[in-house]
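Coordinates in review
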Amino acid sequence: GYRDLYDMDVNMINVVAGVAKEFEPWWLNLKFNAMFLDSKFYYNLLGQARFSILTPRSYLTLMGSVGSAPDIEIIDTQMYDGFSVTNTMVGAGLHHMINEQLSIGLLGNIYNYENKSYNFTEGDGKYRNFQHVYIQVHARF
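Because the structure is a prediction, the values reported are computed rather than measured. (Residues numbered from 1 in each chain as written. Predicted model: local features only at pLDDT ≥ 70, side-chain atom pairs only at ≥ 80, totals over all residues. Heavy atoms only, no water.)

In this chain, Glu24 is followed by Pro25 through a cis amide linkage whose omega measures 5 degrees. Along the chain, Pro25 turns up in the loop between strand 2 (10–23) and strand 3 (26–37). (Helix = DSSP H or I, 4+ residues; strand = E, 2+ residues; numbered from the N terminus.)

As structure tokens, then:
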């Protein structure tokens, strides 16, 4: 991948490698993001697990990541200053297939990252939490 981070006046190259394996009722995934920003190397390692609950049509998702770069999915919205520090993420969600063409889901993630631009007065340090809640509807045509 390639991104022009215009407000940083640099370009970023992203290379992703991943593996997944299914062990009924589990599905496991491991993804490695290598990022090159301003001639420096950064990384992010993401692990995901899905566990089928109640029926094969419903499953619980658990995930977490750690790295010297933020999770690639949120770089466009936040965290340009989150490189070269430890970034972490945890998340969980529920998904259900209504029928062969339609599924719904709810997923929440909490990112912990360093925010260099914020001036902390209470002594909380430089780290902040950033939450995402996704309501997902997938339709297959």
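Moving on, we get to the pairing of strand 2. Across twelve bridges, the pairing between strand 2 and strand 3 is antiparallel. Within strand 3, the residue paired with Ile13 across the bridge is Phe36. Turn length for the strand 2-strand 3 hairpin, with the two strands adjacent in sequence and antiparallel, is two residues. (Pairing = 2+ DSSP bridges.)

This brings us to the confidence of the model for the protein chain. Overall, the predicted model of the protein chain reaches an average pLDDT of 83, with 82% of residues at or above 70. Within the protein chain, the element-level pLDDT minimum falls on strand 1 (residues 2–5), averaging 76, and the maximum on strand 5 (residues 58–67), averaging 93. (pLDDT = per-residue confidence, 0-100.)

Another point: the side chain of Ser103. Position of Ser103 relative to the elements: it lies in strand 7 (residues 102–114). A relative accessible area of 17% means that Ser103 is categorised as buried. In this structure, Ser103 is in contact with His96, Met97, Ile98, Gln136, Val137 and His138, ignoring residues within four places of it in sequence. (Buried < 20%, exposed > 50% of the residue type's maximum accessible area, 1.4 Å probe, protein only. Contact = heavy atoms within 4.5 Å.)

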